[in-house]
Amino acid sequence: MQNVLNRRYQEIMDDFIEYLKFRCAEADIKIDYHKIAEKNEELWNEFEKKIKECRDCSLYKKRNNVVPGAGSRNSKLLIVGEAPGEQEDLQGVPFVGAAGELLTKILNSIGIKRENIYITNIIKCRPPNNREPFTEEIEACNKYLQWQIDRIKPAIILALGNYAIKTLTGVKEGITKIHGEIFNYRGIPVIVSFHPAALLRNEVYKRPTWQDMQKLQQLLKEREIKI
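Participant: Explain helix 9 (residues 206-222) to me, using residue names and the numbers behind them.
Facilitator: In a regular helix each residue adds 1.5 Å, so 17 residues correspond to 24 Å; helix 9 covers 24 Å between its end C-alpha atoms and thus fits that length. For helix 9, every residue scored as buried is listed here: P208, T209, D212, M213, L216, L219 and L220. An end-on view of helix 9 places all buried positions within 145 degrees of arc, on one side of the element. Opposite its buried face, helix 9 presents the exposed residues R207, K221 and E222, each directed more than 90 degrees away. The secondary structure elements touched by the buried residues of helix 9 are strand 2 (77-81), helix 4 (98-109), strand 4 (156-160), strand 5 (182-185), strand 6 (188-193) and helix 8 (196-201). E224 sits one or two positions beyond helix 9 and adopts a positive phi of about 55 degrees.

Participant: Now, about unusual backbone geometry: what can you tell me, with residues and values included?
Facilitator: Phi angles above zero are rare outside glycine, and N129 is one such case at about 60 degrees. With respect to the secondary-structure elements, N129 resides in the loop between strand 3 (118-121) and helix 5 (135-152). Relative accessible area serves as the criterion here: at 74%, N129 is assigned to the exposed category. Phi is positive for K153, close to 55 degrees, though the residue is something other than glycine. Counting through the fold element by element, K153 comes out in the loop between helix 5 and strand 4.

Participant: Describe the pairing of strand 6, listing the residues and the values that go with them.
Facilitator: Within strand 6, 6 of the 6 residues are buried, leaving the element largely enclosed by the surrounding structure. The side-chain alternation of strand 6 yields two buried faces, one formed by I188, V190 and V192 and the other by P189, I191 and S193. Sheet analysis places strand 4 next to strand 6, joined by 4 bridges and oriented parallel. Among the inter-strand pairings, L160 is bridged to a residue of strand 6, identified as S193. Pairing of strand 5 with strand 6, which is carried by 4 bridges, proceeds in the antiparallel orientation. Across the sheet, Y185 pairs through a bridge with I188, a residue of strand 6. Hairpin connection from strand 5 to strand 6: 2 residues lie between these consecutive antiparallel strands, with R186 at a positive phi of about 50 degrees.

Participant: For the packing of aromatic side chains, give the residues involved together with the corresponding values.
Facilitator: In total, this model carries 6 aromatic pairs according to the counting rule given. Measuring from ring centre to ring centre gives 6.1 Å for F47 and Y144, while their planes differ by 70 degrees; the resulting arrangement is edge-to-face. Placement of the pair is F47 in helix 2 (residues 33-52) and Y144 in helix 5, with a sequence separation of 97 residues. An identical accessibility class is assigned to F47 and Y144; each is buried. Across from the ring centre of F134, 3.6 Å away, lies the NZ or CZ of R131, which sits over that ring. The ring of Y163 carries K166 above its face, with NZ or CZ at 5.6 Å from the centroid.

Rules used throughout
Residues numbered from 1 in each chain as written. Predicted model: local features only at pLDDT ≥ 70, side-chain atom pairs only at ≥ 80, totals over all residues. Heavy atoms only, no water. Helix = DSSP H or I, 4+ residues; strand = E, 2+ residues; numbered from the N terminus. Expected span 1.5 Å × (residues − 1). Buried < 20%, exposed > 50% of the residue type's maximum accessible area, 1.4 Å probe, protein only. Arc of directions from axis to C-beta. Contact = heavy atoms within 4.5 Å. Pairing = 2+ DSSP bridges. Phe/Tyr/Trp six-rings, centres within 6.5 Å; stacked < 30°, edge-to-face > 60°. Lys NZ or Arg CZ within 6 Å of the ring centre and 35° of its normal.

The values are spatial; any link to function lies outside them.
See below:
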């Protein structure tokens, strides 16, 4: 209930700020956007500090680093993966291992620079031996993912892997059946595709992933979103 109230409060505040911008423009009143940016940075710093202190599930016991997310917080495209791996746990940055390098290449193939988007995972700590996330771990971390989505306000979400897809859409069918389809997360279109790690294990997924990326590119074009 508290999370719902917090999201509603943030929505009201964001709408109020937009209204003030409009009225100030009408009255030729200058707004100090630098201070607004500083406040936004402060909120993100507080948010990431809270994640790094999190003890809401057992994953904190063996982690080296929490991996909140990285990239442009103003991006219209948000990428959500599953969980940090070994390199991510060591560096505290998402998608920096072999799967991350492949993701960067995939994005570049459709003209998207990685630094222009925001990337995160449904859980922020590495499961031991890269095992699949447990339900209780996903539920414990979900409030952080929701905060990120509420704050970034992406126009499109790209969900990579079964657990990211299930968490955001509730769809239980496997990725091989639904890849490339577009679902909905609280009014935001969610296009689903294979996790890059799956492509490293089995090259048969490369062609359908390329097809999914073309659909993402088309969706961005239809919505006149430049990244």
